[in-house]
Each structure stands twice: as C-alpha cells, then as structure tokens.
Number of protein chains: 2
Amino acid sequence: MTNINRQIRSLSPDTAGGGATKEQLFVIKIGGNVIDDDIALIAFVNDFAKIPAKKILVHGGGKIATRIGDKLGITSKYIEGRRITDEHTIDLVTMVYGGLINKKIVSLLQSYDSNAIGLTGADANILPAHKRKVKEIDYGFVGDIEPKQIGGGLRLFVDNNMVPVIAPLTHDGKGQILNTNADTIASAISIALSAFYDVRLIYCFEKKGVLEDIKDEASVIGLITKDIYHELLGEKRLFEGIIPKIDNAFAAIDAGVKEVLIGHSEELIQNTGNEIKGTLIK
Amino acid sequence: MTNINRQIRSLSPDTAGGGATKEQLFVIKIGGNVIDDDIALIAFVNDFAKIPAKKILVHGGGKIATRIGDKLGITSKYIEGRRITDEHTIDLVTMVYGGLINKKIVSLLQSYDSNAIGLTGADANILPAHKRKVKEIDYGFVGDIEPKQIGGGLRLFVDNNMVPVIAPLTHDGKGQILNTNADTIASAISIALSAFYDVRLIYCFEKKGVLEDIKDEASVIGLITKDIYHELLGEKRLFEGIIPKIDNAFAAIDAGVKEVLIGHSEELIQNTGNEIKGTLIK
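Since we're looking at a predicted model, the values are computed, not measured.

**Concerning the nonpolar core**
Grouped together as the largest cluster of nonpolar side chains are 94 residues, with contacts concentrated most on Ile56, Phe157 and Ile189 of chain A together with Ile56, Phe157 and Ile189 of chain B. Those residues in contact with Ile189 of chain B that sit more than four places away from it in its chain are Val27, Ile56, Val58, Leu127, Ile150, Leu154 and Ile166 of chain B. By size, the runner-up hydrophobic cluster in this structure holds 81 residues, among which are Phe26 and Leu261 of chain A together with Ala167 and Leu169 of chain B.

**Remarks on the packing of helix 8 (residues 226-234) of chain A against helix 9 (residues 243-254) of chain A**
All names here are of chain A. Their axes nearest at 12 Å, the elements helix 8 and helix 9 cross at an angle of 160°. As far as their axial angle goes, helix 9 and helix 8 are roughly antiparallel. Considering how the two elements wind past one another, helix 8 and helix 9 form a crossing that is left-handed. On helix 9, the residues touching Lys226, Tyr229 and Leu233 of helix 8 are Ile243, Ile246, Asp247, Phe250 and Asp254.

**Quick look at the sheet that holds strand 13 (residues 259-264) of chain B**
Residue and element names in this part refer to chain B. The sheet built from eight strands is open, its strands ordered 5-8-2-1-11-13-14-12 with mixed pairing. In this open sheet, the two strands that pair with only one neighbour each are strand 5 (116-119) and strand 12 (223-224). Direction of pairing for strand 5 relative to strand 8 (residues 163-166): parallel, over a ladder of four bridges. Pairing of Gly118 across the sheet is with Val165, part of strand 8.

**Comments concerning the interface of chain A and chain B**
Listed as interface residues are 36 residues of chain A and, on the opposing side, 36 residues of chain B. Together, the buried faces of chain A and chain B total about 2700 Å²; carbon and sulfur atoms form 71% of this surface. In terms of surface lost to chain B, no three residues of chain A exceed Leu72, Met95 and Lys103 of chain A, which account for 20% of the buried area on that side. Between Asp123 of chain B and Lys103 of chain A there is a salt bridge whose closest N-O contact spans 3.0 Å. Linking chain A with chain B are ten residue pairs in polar contact (both at pLDDT 80 or more), by the criterion used here. Mapped onto the side of chain A that touches chain B, the elements with two or more residues apiece are helix 4 (64-72), helix 5 (87-111), strand 5 (116-119) and helix 6 (153-159) of chain A. Broken down by element, the side of chain A that touches chain B gets its largest block of residues, 13 residues, from helix 5 of chain A.

**A word on the relation of the copies chain A and chain B**
With an axial shift of 0.0 Å and an RMSD of 0.0 Å, the rotation relating chain A to chain B amounts to 180°. As the rotation angle and translation indicate, the two copies are arranged about a two-fold axis. Taking the C-alpha atom as reference, chain A places Gly99 of chain A closest to the rotation axis, 1.9 Å from it.

**Re the sheet that holds strand 11 (residues 197-205) of chain A**
Residue and element names in this part refer to chain A. Judged by pairing direction, the sheet is mixed, and its eight strands sit side by side in the order 5-8-2-1-11-13-14-12 without closing on themselves. This sheet does not close on itself; its edge strands, each paired only once, are strand 5 and strand 12 (223-224). Across six bridges, strand 11 lies against strand 13 (residues 259-264) in parallel orientation. Residue Cys204 lies in a different strand from strand 13, and its bridge partner there is Gly263. Packed on one face of the sheet, helix 3 (residues 38-50) meets strand 1 (23-30), strand 2 (54-59), strand 8 (163-166) and strand 11 and runs near 155° to strand 2.

Rules and cut-offs
Residues numbered from 1 in each chain as written. Chains lettered and ligands numbered in written order. Predicted model: local features only at pLDDT ≥ 70, side-chain atom pairs only at ≥ 80, totals over all residues. Heavy atoms only, no water. Core = buried A, V, L, I, M, F, W, Y, C linked by side-chain atoms within 4.5 Å. Buried < 20%, exposed > 50% of the residue type's maximum accessible area, 1.4 Å probe, protein only. Contact = heavy atoms within 4.5 Å. Axes fitted to C-alpha atoms, helices over the stretch in contact; angles between N-to-C directions. Helix = DSSP H or I, 4+ residues; strand = E, 2+ residues; numbered from the N terminus. Parallel < 35°, antiparallel > 145°, perpendicular 65-115°, else oblique. Left-handed = near helix turned anticlockwise from the far one by under 90°. Pairing = 2+ DSSP bridges. Buried area = accessible area lost by both parts, 1.4 Å probe. Salt bridge = Lys/Arg side-chain N within 4 Å of Asp/Glu carboxyl O. Polar contact = N/O pair within 3.5 Å; in protein donor to acceptor, adjacent residues only side chain to side chain. Least-squares fit on C-alpha atoms with pLDDT ≥ 70 in both.

The structure is reproduced here in structure tokens:
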C-alpha cells in the first residue's frame, strides 16, 4: 500500500472518528416456511452459501417435529393456548431440531463449500440458559437466555471461517437441554456478538418486508427508524402482527445490534448486499 | 524451575533424542452397553469429565434407534445378515445418534464443567467419507472413510480446550449424511491426529480387557505387543471374537497411533492414568 493510499484510507469515514471499524457479520434466521419446503430450503442454502461475509444461521423447528411426534405418540400439550414442552417433547425436538434438521442444513452447506458447523446451545456452551420460572403456567423444558450470559464462544468458529448453524435449543448447565424460540436466539446472539462485529440481523419472512398494505407485496417500507416508526404507529399504517417484531428489532438495536432487516428468504442475496429489497430497521 | 530441574527435564526420555514431545490425547469410544444404560452413562460421563488431558469421545448408536424406529415404522433391513441403511434409516440415525444421544452426552459433560462440543462428520467437515460402493451388497447410506482424507479440523477444538463428542455419522460432501461404524471413526480419528499428538485410543468394552480365559475377568492380559500376540495366537490362547479387534488395533498402531487400550468403561480413570487395568496394545 502506498503512503497516499494509507492517508486516504485513514481519512475514510469507516476508520475516521469513532475508533476501529468492526467487521460485518450477518445473523440470519429462517423459520418453518423455509425448513418445511425442501425446494425452498435448497434454494435458500444455495444463496446463503454465496454470502461472502461472516455469517451465522439460526433455524427454527418447522412442522416435521409435529409429524414425527404424532407417529411416536408425542402430542403437543397446550395450557391456555401456550405450548408446553414436557419430557417427551424435549427429547423429540432435540432429535428433530438438533439432529435431523440441523445436520440436513449442515451437510447441504458443506456441499456448497461452506464450512458449516451445527450447534445447539449446549455445544461449546454457546447458549447458557435457565428453565423458565413457573408463574401462572409451567412451560416445562423451555429455556430463557440472557444475552449477557452469552460469551464470545461463537467467535472462535466465526473467526476460523466456520459457519455456525444453530438449532433452537439451549441448556441449563445441569445436563438438561431446553427448547428456546429461534427468533429470541438470533436476537441474543446478535446482541452478544455486537461487541466484536457490525451485526446485521436478518429475519427471513414469508413477506418481502414490512408492508404498508398487507395485501400489496409492492408496498414494502424500505427503512424504519424510530422516528418513522412512531409516525407509522401514530397514523395506524402498520399491520398489527408486525408490531412485536419491530419492537423486538429496536430492542436489539438499543442493545448494540447495528441493524435489523426483515425480508423474504428468496431475496437473501439482495438483502445482504447493497440493493436491499426488504425493510431495514436501524 | 531451578536450573537443575531444567537439566534433569532436558535429559528425561520424553524430550531427549527423537525431537519434540507431542502432547497426549485420549480418543475414547463407547458403545451400546454404556449408551443404553442411563446409570452407566452418567457414571461414565462423570469419569470422562475428570480426565485432565486432551480428549475426544466417539459414541456408537445403541438400541434406542431401533426402539424409536419401531414406533416410526422404520425397521432395519438385512441382506445376507448385513444391516442396510435405507433413506428412512439414515434419517432415523441422524436424529437419534446426531441429536438425541449426542446432545444428551454433551449437556451432561457441560454439567461437569467439560466444554463438550457435539459433532457429526459433516460438522466442520471433520469426517469426509464416500458412500460404500455396491459390490455384492448395496449397504445403502453407509460411509467409508479414509484416515488420509481427515485433515486437522478437530485440532482447533482440541487445542481450544473443547472436548469433541462425535456421533457415528459421516457425510459425502454432496449433501448426504452417512452411517459409519463408531469403532472405525475412533480409529480413523486417532490415526489422523497422531501427526499432532501422542494418541492412546481406548475402546470401552463390556469386559475388563483381553482375557486369557473368557470366563475369568481376572485373566486380563496386561500388555500385547506383536511378539506376544503371535505367541498367543500360536498357542490358541485367545477367544476368537477378540482377534479382529486386536488386528484393528495393530493396524492403527502401524498407521501412527501410539497405543490402543481395550478395557471396561468402569475403569476409565485407571486406564487413562498410570495404573492400567485393561489390555494395552503397542
């Protein structure tokens, strides 16, 4: 590098001012709509493998656990509409999420030359959690995580060019695997790793992004800042179901995550590049 | 350290002569007799966690896959007495070996402060394999590994004080998980890592070691060298079933493994220390 280049570089907005630049990291979450559809999953994995930056994939459960559970005589129990994870169900989801789905994604990614490593929260203790305390409802083997409890364990993998693929399972440190929501895991990981990377947390969604008109896929709102959000809320221009997602996105941002993106799984390449098609929240 | 101590140390057999000493690594294999018995498994994991040296655990499958398979309507097929892994069976063992059993062991180890990380051969590409070629019998989704194909991938984990816990699954690099014998995996890993560590490969067995008299647990043969082996064979003093195990042990030693030990899972502490109770093959 010439001296002039060095000078120019030292004046660039990336490095000037607020200290050292952090490397970009994508934390990407997929749910049942991708996992339950073989063709969608293969297309997604193919796109995901192409992302040149550092990346982590968090996957949800999908309907296959219910199908296998039905055959095994394990049916989901609900109390007041909330799903309960009993001892048979935790074994079921450990098998299906941590074994079947996780290893399917890992072996597919390996076939695309992406050095995937499948993990639950127990592996290398990446996601310590505690069993949800019983208040009105005993949710059973459900784990709540505190982002602050998450150390830099995942960094070793990421910095060695591995691609963590994380199943929605945590553990209590006493030998018990716990069921934890994949959206929550993606957010907690993003917060914990924001100390080391500029994190864009991407929720892959069945829509192209946050829509002004729920019936019109072309009505994606490109950018939501807090000011814009308050305006949209005041004018009641948002579909109610999306509001908790946006609230969670701002909670992650307030905890250090650089930006959150809500977009369609089919537009992952655009949404990790410079031509964002989904909704960027920052 | 005093100068005198340093001098003594530099003259010890470990460091004198043949170049740098390699650190010790235990590769320990457990099978169904431990996995299928909850009390035995917990006791084993407790002992395993106490081993202060670097270590890797390879586990087999056990009978639980058959029990779950029966409920799911997946029954093992056999051709000429050989078990066949069809597409339903590979999904079953991916769930049970890679999910249920593997994560149970990992979460137990974590509870004993052992930083376990559960892996199949697809994870971080630690065990590349190829689908067994069809000759007389099509074994289905069974993977054969070449120790030479195994890189140093596992070293990153071992050198960062993680404890790999490996399920008996490999992958073909084309997106397919494959079923592979746990003994074979333990041996292949030991061979591959012998370039970096002094490996003692320990097969946990239902007997205390190689017995001169199969009915007498006190008749453990403490040491088998090639000379002793030929003598024992010549005098027909060995139980036939043990001969392939000893042949495999010498094959591993010929490929670089320092020593192989056959012993009872309950005597792991002794067999990883200086008061060996099993049969050391070297």
